Amino acid sequence: MSLSTETSKGVPTPANGSESTTHAFAQMKSETWSVEQSAQTYGINNWGAGYFRINQAGNVAVTPKGTNGPGVDLYELTQELQDRGIRIPIMIRFPDIIKERVHLLHSCFQKAIADHSYKGNYCGVYPIKVNQQRHLVQELVKFGRDVRLGLECGSKPELLVVLSLMNTPNGVIICNGFKDTEYIETALLAQKIGREIIIVVDRKDELKIITETAKKLNMRPKIGFRAKLNTQGAGKWVDSAGARSKFGLTAIEIVEGVEFLKKQNMLDCLELMHYHIGSQVPSIQSIKSSLKEAARFYTELYSLGANLKYIDVGGGLGVDYDGSGHSDSSVNYSEQEYANDIVSTLQTMCDEKNIPHPNIVTESGRALVAHHSVLIFNVMGVNNLFIQEPPAPATKKDPALMQEMQYIYEKMNSENLNECFNDLMQAKTETLNQFTYGVLNLTQRAWCESMFFAIATKMLATAQKTTDSEDIVAELRERLCDTYFCNFSVFQSVPDSWAVGQLFPVMPIHNLKQEPYHEATLADLTCDSDGKIEKFIDTETGEMKKTLRVHPFKEGDAPYYLGVFLTGAYQEILGDLHNLFGDTDAVHISIHESGYTVDHYVPGDTVTEVLTYVQYGRAEMVDSVRQFTEESIAAGNITKQEAKSLIKHYEEGLSGYTYLEEME
Ligand SMILES: *Cc1c(COP(=O)(O)O)cnc(C)c1O
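Rules of the game
- Residues numbered from 1 in each chain as written.
- Predicted model: local features only at pLDDT ≥ 70, side-chain atom pairs only at ≥ 80, totals over all residues.
- Heavy atoms only, no water.
- Patch = residues over 30% accessible without salt bridge, like charges linked within 9 Å, V, L, I, M, F, W, Y side chains within 5 Å.
- Areas by Shrake-Rupley, 256 points an atom, 1.4 Å probe, with all protein chains shown as cover.
- Salt bridge = Lys/Arg side-chain N within 4 Å of Asp/Glu carboxyl O.
- Buried < 20%, exposed > 50% of the residue type's maximum accessible area, 1.4 Å probe, protein only.
- Near = heavy atom within 4 Å.
- Polar contact = N/O pair within 3.5 Å; in protein donor to acceptor, adjacent residues only side chain to side chain.
- 1 Å grid on protein atoms, 1.4 Å probe; cavity = no way out; pocket = protein on both sides within 12 Å on 5 of 7 lines; lining within 4 Å.
- Sits in = over half its atoms within 2 Å of the grid points.
- Helix = DSSP H or I, 4+ residues; strand = E, 2+ residues; numbered from the N terminus.
- Pairing = 2+ DSSP bridges.
- Axes fitted to C-alpha atoms, helices over the stretch in contact; angles between N-to-C directions.
- Contact = heavy atoms within 4.5 Å.
- Parallel < 35°, antiparallel > 145°, perpendicular 65-115°, else oblique.
- Left-handed = near helix turned anticlockwise from the far one by under 90°.
- Nonpolar A, V, L, I, M, F, W, Y, C, P; charged D, E, K, R; others polar.
- Phe/Tyr/Trp six-rings, centres within 6.5 Å; stacked < 30°, edge-to-face > 60°.
- Lys NZ or Arg CZ within 6 Å of the ring centre and 35° of its normal.
- Points joined across faces, edges and corners; volume = space filled by probe spheres on them.

A. Looking closely at a nonpolar patch on the surface. Together, Leu580, Tyr613, Val614 and Tyr616 make up an exposed nonpolar region whose accessible area comes to about 390 Å². For Val614, a relative accessible area of 38% puts it in the partly exposed group.

Here is the structure:
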């Protein structure tokens, strides 16, 4: 199968206008379809958070400041980026959305503090591990300057990044993660160039290094303690808290730590109490119960004589990936409820013990950056399982199984649906058994498979017109769904979809005035059977489903683009080079009243770059292939012209994109 797509950059032909379909789903196609129905099908108004919607042209629009603010048409943008030579798949980043997120979180806390007459301040800190791309962190620092957004680092390399980017006056830097003397010494020295650095003790051994190094440098360190809470979070990352969690000090270690600091005459350096219960916490109840335990740690530490100023509640603020409000990929609270609950809980618990309200630090990462980027890719081909015409009828000479299937095909009607469905499933199992045991030959097996799909297609059409057949319809739809082969790698661009089964919103970015009346799963370019997306929002039931509603597509049609949304947190850096598919092209787009500007273009990996990671050198590779061709020229197996052509293709391949490029 040729997977190339045609370059066609004019007005798109609506994909389903060009096809006279007669298969089962076509009968479901309604006469009228509206943009609102597409919005309902894909749930975009639920997970889009006002940043994404469908416009009257039937394309997805990006509106960082909400529906009434300026916007850009994602489909037009995708085409115009390609006109500039930027390649599909593209990661499109919208810094305006980050700006909105930073200010949203800040204003939620400001409002909560004002409403409750809370005495402490709020300070957000962005943990760079969530997405360390330089342009992005620079934008965060820039947008965060007026709200004093700080940065968090979780390793030595991240500390070095943070030190090069952070210059917000009084901007807090939180140092987490495993620390050696070098990490600690670097952090302490940075305090001498005016940075507000707090070193969080994640393991008890670190405390001694911090105090000794600080004495050597003749300075007072700012220290935080990370507490190991017993209260478990919830969701996919529950293991971040609890007695067996990787980081944090137990109650015993905290008491010993206080004693130790007292002896060193450094208890006044303990300024912060930190905890982190894991990412994407789906329920506000977990957030509240862990905060209650943490607040007790805070008030107790204070009573033991620590000069605490901050409580750092870590990350965990979730993102509503599916719009359902009740799954692991969703949240049952808003940013404002999150802020209100933190402020009011801390206030109550500190007032009870008559302790001053701490300044609140949050380390929300996902909630700041998830919304800002979208991955766009094109569909290259379809594996269509619908079969209209049954194979040539079986005769008395054919194996019994073939005759049985012929019988099912002919006799099936709305009265005997259930029975025929069971017989069909039985026949499918039998086909495989009989082939394995040598009863059916390959041609006969092929006949049975064709007949299976012919029966299933006919059965689906019948079942859709029959009441009480929902189960059969659902089962057949799943078995008959198309596979859309797509130009991207799950492992590189949405690794959490594979690794932890996270759901991301996926939908076509155009044609949304037409009904998407096919069902498909999406397969990527890798040859890995896990390289697919099979988890989609089902807005009808609020649960998940295995197929996505899509428009019909066949090779040679105008390009059909799908977007995976909310991919800004964790996906880029966790992405890997499975099958040597590298980073995609990425662009930063600013949106304003009169259009948009391309701020940055970050080219994706070339094949040569990806190969260097696995120790291949371009020059040696070309040289080696050249030598092989020389041998063949000498033997008369290839002409010099053909050899030249082979080397040319080889070199161009090495310089090219790792994804499929459109034919020019
Ligand atoms: C990963 C991490 C965060 C970020 O969590 P989000 O859920 O993305 O907000 C914050 N703090 C610590 C210590 C972390 O390890």
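B. How the structure looks around the site of the ligand. In the neighbourhood of the ligand, 17 residues make up the surrounding shell, with Lys129, Ser279, Glu363, Gly365 and Tyr570 lying closest. A distance of 2.5 Å is found between an oxygen atom of the ligand and a side-chain nitrogen or oxygen belonging to Ser279. Burial of the ligand by the surrounding chains reaches 92%, relative to a free accessible area of 390 Å². More than half of the atoms of the ligand fall within 2 Å of the grid points belonging to the largest pocket.

C. The pairing of strand β5 (residues 122-127), seen in detail. Among the six residues that make up β5, six are buried, leaving the element largely enclosed by the rest of the structure. The alternating pattern of β5 places Tyr122, Gly124 and Tyr126 on one face and Cys123, Val125 and Pro127 on the opposite face, and all of these are buried. Looking at chain direction, β5 and strand β12 (residues 359-362) are connected through three bridges and run parallel. Bridged to Cys123 within β12 is Val361. Here three bridges tie β5 to strand β6 (residues 150-153), and the two strands are oriented parallel to one another.

D. Layout of the pattern of salt bridges. Enumeration over the complete set of coordinates arrives at 28 salt bridges. Among the ionic pairs, Arg93 bridges to Glu572, the shortest N-O distance being 2.5 Å. Here Glu572 lies in helix α19 (residues 571-574) and Arg93 lies in strand β4 (residues 90-93), a separation of 479 residues in the sequence. Glu572 matches Arg93 in its accessibility class, with the two residues each being buried.

E. Just the pairing of strand β14 (residues 482-486), in detail. In terms of burial, β14 is largely enclosed, as four of its five residues are buried. The pairing of strand β13 (residues 373-383) with β14 spans four bridges and is antiparallel. Looking at β14, one finds that Asn383 is bridged to Thr483. Relative to strand β16 (residues 518-523), β14 runs parallel, the two being bridged by four bridges. Paired with Asp482 across the bridge in β16 is Ala520.

F. How the structure looks around the sheet that holds strand β9 (residues 223-226). If you walk around this closed barrel you meet the eight strands as β5-β6-β7-β8-β9-β10-β11-β12, and the pairing is parallel. Across the sheet, the mean angle from the axis of one strand to that of its neighbour is 25°, orientation sign disregarded. In this structure, strand β7 (residues 172-175) lies alongside strand β8 (residues 196-201), joined through four bridges in parallel fashion. Paired with Val172 across the strands is Glu196, a residue of β8. Sheet strands in contact with helix α8 (residues 205-216) are β8 and β9, and its direction is about 145° off that of β8. Along the sheet face, helix α9 (residues 251-263) touches β9 and β10 (270-274) and points at about 160° away from the line of β9.

G. Representation of the packing of helix α21 (residues 618-635) against helix α22 (residues 640-655) in the model. Packing of α21 against α22 brings their axes to within 10 Å, and their N-to-C directions diverge by 165°. The angle between α21 and α22 places the two elements in the roughly antiparallel class. Two packed elements cross with a definite hand, and for α21 against α22 that hand is right-handed. Each of Arg618, Met621, Val622, Val625, Arg626, Thr629 and Ile633 in α21 lies in contact with α22, whose residues at this interface are Lys640, Ala643, Leu646, Ile647, Tyr650, Glu651, Leu654 and Ser655. Classifying every residue of the contact of α21 with α22 gives nine nonpolar, two polar and four charged.

H. The arrangement of the packing of aromatic side chains in detail. Scanning the model with the defined rule gives 16 aromatic pairs in all. Between Phe377 and Phe488 the ring centres are 4.1 Å apart and the planes differ by 5°, which places this aromatic pair in the stacked class. Taken as a pair, Phe377 in strand β13 and Phe488 in the loop between β14 and α17 (490-493) lie far apart in primary sequence, 111 residues in all. Residues Phe377 and Phe488 agree in their burial class; the two are buried. Each ring, one from Phe553 and one from Tyr560, has its centre 6.3 Å from the other, and the planes form 20°; the classification is stacked. Through a chain of ring-to-ring contacts, the aromatic side chains of Phe109, Tyr122, Tyr333 and Tyr338 assemble into a single cluster. Positioned over the ring face of Tyr657 is Arg87, at 3.9 Å from the centre of the ring. Residue placement shows Lys458 over the ring face of Tyr409; its charged tip is 4.4 Å from the ring centre.

I. Region of interest: the layout of surface pockets. Estimates place the volume of the largest pocket at around 760 Å³. Considering the residues around the largest pocket, the lining is formed by 36 residues, among which Lys129, Arg226, Phe247, His276 and Tyr570 are closest to the centre. Counting residues per element, the ones that place at least two in the lining of the largest pocket are α12 (366-369) and α19. Looking at side-chain class alone, the lining of the largest pocket contains ten nonpolar, 16 polar and ten charged residues.

J. Layout of the sheet that holds strand β2 (residues 60-62). With antiparallel pairing, three strands are arranged side by side in an open sheet as β1-β2-β3. A strand with exactly one partner marks an edge of an open sheet, and here the two such strands are β1 (52-54) and β3 (72-73). By the bridge criterion, two bridges tie β2 to β3 in an arrangement that is antiparallel. Its bridge partner lying in β3, Val62 is registered against Val72.

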